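Report on the structure
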2 protein chains.
Amino acid sequence: MKGEKNPSLIAIDWGTSRFRAYLVSGNGEVLSEKASEEGMAHVQRGKFGQVLLARCGEWLEQYRNIPVLMAGMVGSRNGWKEAPYVRCPASEGDIKAAVQRIEISPGRTGGIMPGLIHHDAGVADVIRGEETKILGAETGDGVIVLPGTHCKWAVMAGGYVSSFHSYMTGEFYGLLRSQSVLRLLAQEPEDRTGFARGLASAQREGGLLNQAFEARTAVLDNQMRAEQVGPFLSGLLIAHEIIGAARRSDAQGRLKVVAQGVLAQNYEEALKHFGFDADVLSPRQCFVNGMLRLVPDWLK
Amino acid sequence: MKGEKNPSLIAIDWGTSRFRAYLVSGNGEVLSEKASEEGMAHVQRGKFGQVLLARCGEWLEQYRNIPVLMAGMVGSRNGWKEAPYVRCPASEGDIKAAVQRIEISPGRTGGIMPGLIHHDAGVADVIRGEETKILGAETGDGVIVLPGTHCKWAVMAGGYVSSFHSYMTGEFYGLLRSQSVLRLLAQEPEDRTGFARGLASAQREGGLLNQAFEARTAVLDNQMRAEQVGPFLSGLLIAHEIIGAARRSDAQGRLKVVAQGVLAQNYEEALKHFGFDADVLSPRQCFVNGMLRLVPDWLK
């Protein structure tokens, strides 16, 4: 297996708030890594090339013949160059064919990955960056869950990303925990037993708008400890996401969850509560694997 | 009908953020009115009597023999004097019997209304101030909806407030419209056609966490105008409240809605969409009517 440790790709995850670059071997090992806060929101128009050079100049110099592929908001309308959305169902080939050429330094061409767009009953949903992790999860047919601020549930079928939907679970959590009247009741360190209570509440009558208020009334009535409020909200919201998403995606049995740390633990516990088994995958590894699969031939 | 124009009650609605006082005739006419921003949150402990005197001193002087009854957060633990919650089911008599005596000025006794507490499957919910409007709606048996930051759905049965539940509809709206990623997409002046779209979206698959995201993706995909975003969120949230609440309260046919202005219009339209007829009642009149009914004999 000689040569497997040789760099074969510079893979860049360039999102709204962060820049992350990986020097990757042919079998998906991350040989080196760079990261900064230079997300798309913090880079002036026309300055993307400078940021790339500042972070990865050494690699670009040392490895002149390996492909440079970028994914995420760098390909949005306000990014370096727009890489238009590919419509679902989208195969690996469809996505590869839509990678945009970009001159990253004089005489050197890199690629920018497209996002995906899916229409469900006339309503559009879009992703940009997650398409790479979905392909990198290498799931065959099945459901892939990508937790986060705007969690994605994607369905792979017959080699195509056939559909996906976004859930504002992480953002709702932040709003309720830090901006709502409930923030006044929540205390740390957190008591994780609140999480299971949130899962159970989501299955009662009344809906989310009522159940979230339980964090207020139960604390005032000494039925819930202030330290349980944060985990309660987390459990309640993740449960509502699962209830809404599982029915729609015909999810059954085993799901892939691309997450780490507490977030992975939360989704594993919540999915188990609803009768699913979760295979937890590393977001970084899924990204790197996906990028390796999606390098177009002209970039090799 | 001589004497009906005579003042027979000083009724005070003393909430968290506002102080409102009404000089009321025996048939519920508001003869005079005072209001200020001196809600409970802005009044120092021990200073409630001074505020009352400053706002209503003239009335107290002129009408020495009419009752003074106060409702709202003034009766909470951090208010003037705690008036403990009465448990549901609660009759008019139960509430009257729990009115707390308070010396409002040397030698003069006033009353502070209690709030209500309801337990549903072990989960408590509380109201303070709304009990007065519920009784004042004089609905006989039926469902009373009190829209607001934390909307209440109360059920009257056999002369009792038999149950109620809170929905954080107004607060969720404020968070999503002003604090979430969706705030960047919303524009004014509002286009009210977004409201009906929100109602329709709530009935599709996916749940609130997904449907709220439609405001983002549909605007980016030119399917929704930025001016529709606010009304869309309003329709979506009110619809989720109705779906959650109507099932639970066995609401059928006609409901009473205690609201005015755009809020009343929104609830009327949304309830109609779900097959209900709404009788819209004035919050001020319900409050005054309720206060007149709930004056205990010892205060007369």
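Residues numbered from 1 in each chain as written. Chains lettered and ligands numbered in written order. Predicted model: local features only at pLDDT ≥ 70, side-chain atom pairs only at ≥ 80, totals over all residues. Heavy atoms only, no water.

**Quick look at the interface of chain B and chain A**
A common way to express how large an interface is: the accessible area buried when the components associate. Put simply, the rule is: Should any heavy atoms of two residues lie within 4.5 Å, those residues are counted as being in contact. Accessible-area loss on putting two parts together, using a 1.4 Å probe and summing over both, is the definition of buried area adopted here. A pairing counts as a salt bridge when a side-chain nitrogen of Lys or Arg comes within 4 Å of a carboxyl oxygen of Asp or Glu. Pairs of N or O atoms within 3.5 Å make up the polar contacts considered here, provided that, within protein, one atom can donate a hydrogen while the other can accept it, and that residues adjacent in sequence are counted only when both atoms are side-chain atoms. Secondary structure elements are defined from DSSP: runs of H or I of at least 4 residues count as helices, runs of E of at least 2 residues count as strands, and each element is numbered from the N terminus. Throughout, the ten residues Ala, Val, Leu, Ile, Met, Phe, Trp, Tyr, Cys and Pro are labelled nonpolar, Asp, Glu, Lys and Arg are labelled charged, and all others, Gly among them, are labelled polar.
At the junction of the two partners, chain B supplies 42 residues and chain A supplies 42 residues. Where chain B abuts chain A, roughly 3500 Å² becomes buried across the two surfaces, and 64% of that area is made up of carbon and sulfur atoms. Across the contact surface, chain B and chain A share 0 salt bridges. Taken together, chain B and chain A are joined by 12 residue pairs in polar contact (both at pLDDT 80 or more). Mapped onto the side of chain B that touches chain A, the elements with two or more residues apiece are β9 (116-120), β10 (123-127), β13 (160-167), α4 (169-178), α6 (208-211), α7 (214-220) and α8 (229-249) of chain B. Tallying contributions element by element places α8(B) first for the side of chain B that touches chain A, with 6 residues. Per-class residue counts for the side of chain B that touches chain A are 17 nonpolar, 14 polar and 11 charged.

**A word on the environment of Val258(A)**
Residues and elements named next belong to chain A. In this fold, Val258 is placed in strand β14 (residues 254-258). Along the sequence, Val258 and Arg183 sit 75 residues apart, while their C-alpha atoms lie 29 Å from each other. The residues touching Val258, leaving out its near neighbours within four places in the chain, are Lys133, Ile144, Val145, Leu146, Pro147, Leu281, Ser282, Pro283 and Cys286.

**As for the relation of the copies chain B and chain A**
The test is simple: Superposing copies: least-squares fit, C-alpha atoms only, residues required to have pLDDT of at least 70 in both.
Once turned by 180 degrees and shifted 0.0 Å along the axis, chain B lies on chain A with an RMSD of 0.0 Å. Here the copies are linked by what is in effect a two-fold axis. Residue Leu175(B) of chain B places its C-alpha closer to the rotation axis than any other residue of that unit, at 3.3 Å. The residues that chain B uses at the interface reappear at the interface of chain A in 100% of cases, marking a shared surface.

**Points about the packing of helix α4 (residues 169-178) of chain A against α4(B)**
We apply this condition: In this analysis, axes come from line fits to C-alpha atoms, helices being fitted only over the stretch in contact, and the angle between any two N-to-C directions falls in the range 0 to 180 degrees. Should an angle fall under 35 degrees it is called roughly parallel, over 145 degrees roughly antiparallel, and 65 to 115 degrees roughly perpendicular, with every other angle called oblique. For any helix crossing, the convention is left-handed if the near helix is rotated counterclockwise from the far helix by under a right angle, and right-handed if that rotation is clockwise.
Running from N to C, α4(A) and α4(B) cross one another at 115 degrees; their axes reach a closest spacing of 11 Å. In terms of their interaxial angle, α4(A) and α4(B) are classed as roughly perpendicular. Remark: the crossing between α4(A) and α4(B) carries right-handed chirality. Residues Phe172(A), Leu175(A) and Leu176(A) of α4(A) form the contact with α4(B), whose own contacting residues are Phe172(B), Leu175(B) and Leu176(B). Considering only residue class, the contact of α4(A) with α4(B) consists of 6 nonpolar, no polar and no charged.

**Section: the packing of helix α5 (residues 193-202) of chain B against helix α9 (residues 261-273) of chain B**
For any two helices packed against each other, one specifies the inter-axial angle together with the distance between the axes. All names here are of chain B. At a closest axis distance of 11 Å, the pairing of α5 and α9 adopts a crossing angle of 40 degrees. Put simply, α5 runs oblique to α9. Note that α5 runs across α9; the crossing there is right-handed. Two secondary-structure elements touch here, α5 through Phe195, Ala196 and Leu199 and α9 through Asn266, Glu269, Ala270 and His273.

**Describing the side chain of Ser166(A)**
Here Ser166(A) lies in strand β13 (residues 160-167). Excluding anything up to four places from it in sequence, Ser166(A) contacts Asp125(A), Val126(A), Cys151(A), Lys152(A), Leu209(B), Asn210(B) and Phe213(B).

**A look at the packing of aromatic side chains**
We count it as follows: For this analysis, a ring pair means two rings from Phe, Tyr or Trp (six-membered ring only for Trp) whose centres lie within 6.5 Å, classed as stacked if their planes differ by under 30 degrees, edge-to-face if by over 60, and tilted for the remaining angles. We call a charge positioned above a ring when the Lys NZ or Arg CZ atom is no farther than 6 Å from the ring centre and deviates by at most 35 degrees from the ring normal.
Evaluation of the coordinates by the stated rule reveals 11 aromatic pairs over all chains. Arranged with centres 6.0 Å apart and planes meeting at 55 degrees, the rings of Tyr22(B) and Phe287(B) form a pair that is tilted. Taken as a pair, Tyr22(B) in strand β2 (residues 19-25) and Phe287(B) in helix α10 (residues 283-293) lie far apart in primary sequence, 265 residues in all. The structure contains a cluster of three or more aromatic residues connected by ring pairs, namely Trp14(A), Phe19(A), Phe48(A) and Trp80(A). Across the ring face of Tyr85(B), the terminal group of Arg128(B) is positioned such that the distance to the ring centre comes to 4.5 Å. Here Arg192(B) stacks its cationic end above the ring of Phe195(B), 4.9 Å away from the centre of that ring.

**Some thoughts on the confidence of the model for chain A**
Short version of the rule: By definition, pLDDT measures how confident the predictor is in each residue, and it falls between 0 and 100.
Across chain A, pLDDT averages 94, with 98% of residues at or above 70. In the predicted complex, the global pTM is 0.94; the interface-specific ipTM is 0.94.

**Thoughts on the pattern of salt bridges**
Residue and element names in this part refer to chain A. Convention followed: Here the term buried applies to any residue with accessible area under 20% of the maximum for its type, exposed to any over 50%, and partly exposed to those in between, with areas from a 1.4 Å probe on protein chains only.
Applying the stated rule across the entire model yields 36 salt bridges over all chains. Across the pair Glu214 and Arg197 runs a salt bridge, and its minimum N-O distance is 2.9 Å. With Glu214 in helix α7 (residues 214-220) and Arg197 in helix α5 (residues 193-202), the pair connects residues that are 17 residues apart, well separated along the chain. With relative accessibility at 5%, the residue Glu214 sits in the buried group. One connected set of salt bridges, linked through shared partners, spans Glu92, Glu138 and Arg293.

**Points about the sheet that holds β10(B)**
Residue and element names in this part refer to chain B. Where we set the bar: A strand pair is defined by DSSP finding two or more bridges across the two strands.
On the basis of which strands lie adjacent, the open sheet formed by 3 strands has the order β5-β9-β10 and mixed pairing. Both outer strands of the open sheet, β5 (86-87) and β10, are each paired with one neighbouring strand and no more. Sheet topology note: the β9/β10 ladder contains 5 bridges and is antiparallel. Among the inter-strand pairings, Ile117 is bridged to a residue of β10, identified as Val126.

**What about the side chain of Arg177(B)?**
Of note, Arg177(B) is situated in helix α4. Leave out the neighbours within four places in its chain, and Arg177(B) touches Arg183(B), Ala186(B), Glu188(B), Glu190(B), Gly230(B) and Leu233(B).

**As for the nonpolar core**
Operational definition: Residues belong to a common nonpolar core when they are buried Ala, Val, Leu, Ile, Met, Phe, Trp, Tyr or Cys residues joined through side-chain atoms within 4.5 Å.
With 90 residues, the main nonpolar core has Trp153(A), Phe172(A), Leu176(A), Trp153(B) and Phe172(B) as its most contacted residues. The residues touching Phe172(B), leaving out its near neighbours within four places in the chain, are Phe172(A), Leu176(A), Leu208(A), Leu209(A), Ala212(A), Leu208(B) and Leu237(B).

**What about helix α9 (residues 261-273) of chain A?**
Residues and elements named next belong to chain A. Stated formally: Working rule for helices: expected span equals 1.5 Å times residues minus one. Directions are taken from the helix axis to each C-beta atom, and the arc is the one they span.
The first and last C-alpha atoms of α9 sit 19 Å apart over 13 residues, in line with the 18 Å expected at 1.5 Å per residue. For α9, the set of buried residues is Ala264, Asn266, Tyr267, Ala270 and Leu271. Buried residues of α9, viewed axially, fall in a sector of 160 degrees; they line one side. Among the exposed residues of α9, those oriented more than 90 degrees off its buried face are Gly261, Val262 and Lys272.

**As for the pairing of strand β1 (residues 7-14) of chain A**
Along any regular strand, the residues point their side chains to alternate faces of the sheet. Residue and element names in this part refer to chain A. Among the 8 residues of β1, 7 are classified as buried, and the element is accordingly described as predominantly covered. Between β1 and strand β2 (residues 19-25), which pair antiparallel in sequence order, lie 4 residues. Sheet topology note: the β1/strand β4 (residues 68-71) ladder contains 4 bridges and is parallel. Residue Ile12 lies in a different strand from β4, and its bridge partner there is Met70.

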